[in-house]
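Structural features, examined
Single-letter residue listing:
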Amino acid sequence: MAEKLDKTISIALPKGRLGEKTYAMLEELGYGCPGVMENSRKLIFEDEAATVRYFWVKPSDVAIYVERGAADVGVVGKDILLEYQPDVYELTDLGFGKCRVCVAGPENVTPNPDRTLRIATKFVNIPKSYYHARSREIEIIKLNGSIELAPILGLSDVIVDIVETGTTLKENHLEVKEEIVPISARFIAGKAAYRFKNDEIAAMNAKIAAWLASKQ
Ligand code: PRP
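Reference entry: report on the structure contained in this document. Values in this document were obtained by computation on a predicted structure and should not be read as measured data.

Considering the overall build of the chain
Scanning the chain from terminus to terminus reveals 9 helices and 11 strands. Oriented by its inertia axes, the alpha-carbon framework of the chain measures out at about 65 × 35 × 30 Å. The buried share of the chain, taken over its 216 residues, is 44%. As displayed, the chain offers around 12,000 Å² of accessible surface, 49% of which is attributable to carbon and sulfur atoms. Side-chain charges of the chain comprise 28 positive and 31 negative groups, with the mean position of each set lying 1 Å from the other.

As for the sheet that holds strand β9 (residues 158–163)
Taken in spatial order, the 5 strands of this open sheet run β8-β7-β9-β6-β10, and their pairing is mixed. The open sheet terminates on both sides in strands that have one partner only, identified here as β8 (138–142) and β10 (174–183). This sheet shows a mean twist of 30 degrees between the axes of neighbouring strands, independent of strand direction. Where strand β6 (residues 99–106) meets β9, 5 bridges bridge the pair, whose relative direction is antiparallel. Along β9, the bridge assignment pairs valine 103 with valine 160.

So, the site of the ligand
Within the structure, the ligand sits among Lys122, Ser146, Glu148, Asp161, Ile162, Val163, Glu164, Thr165, Gly166, Thr167 and Thr168. At 2.4 Å from an oxygen atom of the ligand is found a side-chain nitrogen or oxygen belonging to lysine 122. One of the backbone N or O atoms of glycine 166 is found 2.7 Å from an oxygen atom in the ligand. Protein coverage of the free-state accessible area of the ligand, which is 490 Å², stands at 62%. Elements with a minimum of two residues in the shell around the ligand: β9 and α7 (167–171). Considering each element in turn, the shell around the ligand owes the most residues, 3 residues, to β9. A per-class count over the shell around the ligand returns 2 nonpolar, 5 polar and 4 charged.

Let's talk about the packing of helix α2 (residues 17–28) against helix α9 (residues 198–215)
Their axes nearest at 10 Å, the elements α2 and α9 cross at an angle of 100 degrees. One element, α2, and the other, α9, form an angle in the roughly perpendicular class. Between α2 and α9, the residues in contact are Met25, Leu26 and Glu28 and Met204, Ile208, Trp211 and Lys215, respectively.

Side note on a nonpolar patch on the surface
Together, Leu149, Ile152 and Leu153 line one region of the surface with nonpolar side chains, adding up to about 310 Å² of accessible area. Note on leucine 153: relative accessible area 65%, which makes it exposed.

Examining the pattern of salt bridges
As enumerated under the stated definition, the model contains 12 salt bridges in all. Here lysine 215 makes a salt bridge to glutamate 28, at a shortest N to O gap of 3.8 Å. Note that lysine 215 is positioned in helix α9 and glutamate 28 in helix α2, a separation of 187 residues in sequence. In this structure glutamate 28 comes out as exposed when scored by relative accessible area, which is 53%. Of the charged contacts, one joins glutamate 90 and arginine 186 as a salt bridge, the two residues approaching to 2.8 Å between their closest N and O atoms.

A few points about unusual backbone geometry
In this structure, serine 135 is a non-glycine residue whose phi angle is positive, near 50 degrees. Positionally, serine 135 belongs in the loop between α5 (125–132) and β8. Even without a glycine there, the phi angle at histidine 173 is positive, about 55 degrees. Along the chain, the position of histidine 173 falls in the loop between α7 and β10.

Cut-offs and rules
- For every chain, the first residue of the written sequence is number 1, and numbering continues from 1 onward in sequence order.
- Totals for whole chains, interfaces and linings use every residue, but because this is a predicted model, local features are given only for residues with pLDDT of at least 70 and side-chain atom pairs only at 80 or more, for both listing and counting.
- Excluding hydrogens and water, the side-chain values take into account all heavy atoms of the structure.
- Counting from the N terminus, the helices are the DSSP runs of H or I reaching at least four residues and the strands are the DSSP runs of E reaching at least two.
- To sort residues, take the accessible area from a 1.4 Å probe on protein chains only and compare it with the maximum for the residue type: under 20% means buried, over 50% means exposed, and anything in between is partly exposed.
- Exposure was quantified through the Shrake-Rupley algorithm and a 1.4 Å probe, taking into account, for residues, occlusion by the shown protein chains and nothing else.
- A positive count includes Lys and Arg, and a negative count includes Asp and Glu. His and the chain ends are not counted in either.
- Think of each charge as sitting on NZ of Lys, CZ of Arg, CG of Asp or CD of Glu.
- Strand pairing requires that DSSP identify at least two bridges connecting the strands.
- Structural elements are reduced to axes, namely lines fitted to C-alpha atoms, with helices fitted over the stretch in contact, and the angle between N-to-C directions of any two is expressed from 0 to 180 degrees.
- The near set for a molecule or strand comprises every residue that places at least one heavy atom within 4 Å of it.
- Each polar contact in these results corresponds to two N or O atoms within 3.5 Å; when the atoms are within protein, one needs to be able to donate a hydrogen and the other to accept it, and residues that are neighboring in sequence are counted only if both atoms are side-chain atoms.
- In the scheme used here, Gly and all other residues not listed as nonpolar or charged are polar, with Ala, Val, Leu, Ile, Met, Phe, Trp, Tyr, Cys and Pro taken as nonpolar and Asp, Glu, Lys and Arg as charged.
- Comment on the angle field: the value is read as roughly parallel under 35 degrees, roughly antiparallel over 145, roughly perpendicular from 65 to 115, and oblique elsewhere.
- Contact between two residues is taken to exist if any of their heavy atoms lie within 4.5 Å; hydrogens are not considered.
- Patch definition: residues above 30% relative accessible area lacking any salt bridge, with like charges linked at up to 9 Å and the nonpolar side chains Val, Leu, Ile, Met, Phe, Trp and Tyr linked at up to 5 Å.
- When a carboxyl oxygen of Asp or Glu is within 4 Å of a side-chain nitrogen of Lys or Arg, the pair counts as a salt bridge.

Shown next as structure tokens:
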């Protein structure tokens, strides 16, 4: 029994659309587990054969669970990997969850290049390294959501945020000024898990790779 439990792969799923897509893919690959998609307050799900165990966590927390070994593998946006640089293996680009991290600001307004650029964002390191490479003085104003409000209310000159369809920007009379980096979902593994459950994780990753190839 203990042997069997040891080989269970713990999977951190990001709550929301990305996690739902991830689960749909894993279910198709034979890693289905009853109850995962039921709308309940339950947080942990395990299949009868104890092949997989799923947790739903906040998207920005997936990498922390995986880095610290509380989950063996997970799926996370590339933006989180760039921002937090967790010590994990980035195994596969899943090709979904596509969006861009962009600098955006009020339509037809160019910030004064001689003044410190005030940036509202939930990211800190992505804008810092982007503007450091361009020798541009910046001030980061860290927010946790509704970032688009900041330049409208004069709290910042621009925002650095995720743009997917562009609808949020458009509805608030903001526009993309610069694209920093394209993003997609990544399948990640913890370093210890990758060593101790290598066969299981490698098999899962190979199935994912074959699934991706079949979609092309
Ligand atoms: C993200 C992002 C934008 C929006 C962009 O927010 O921060 O607000 O999506 O998507 P769009 O280009 O398709 O309009 P999210 O919904 O993740 O919520 P948050 O504001 O709490 O981060």
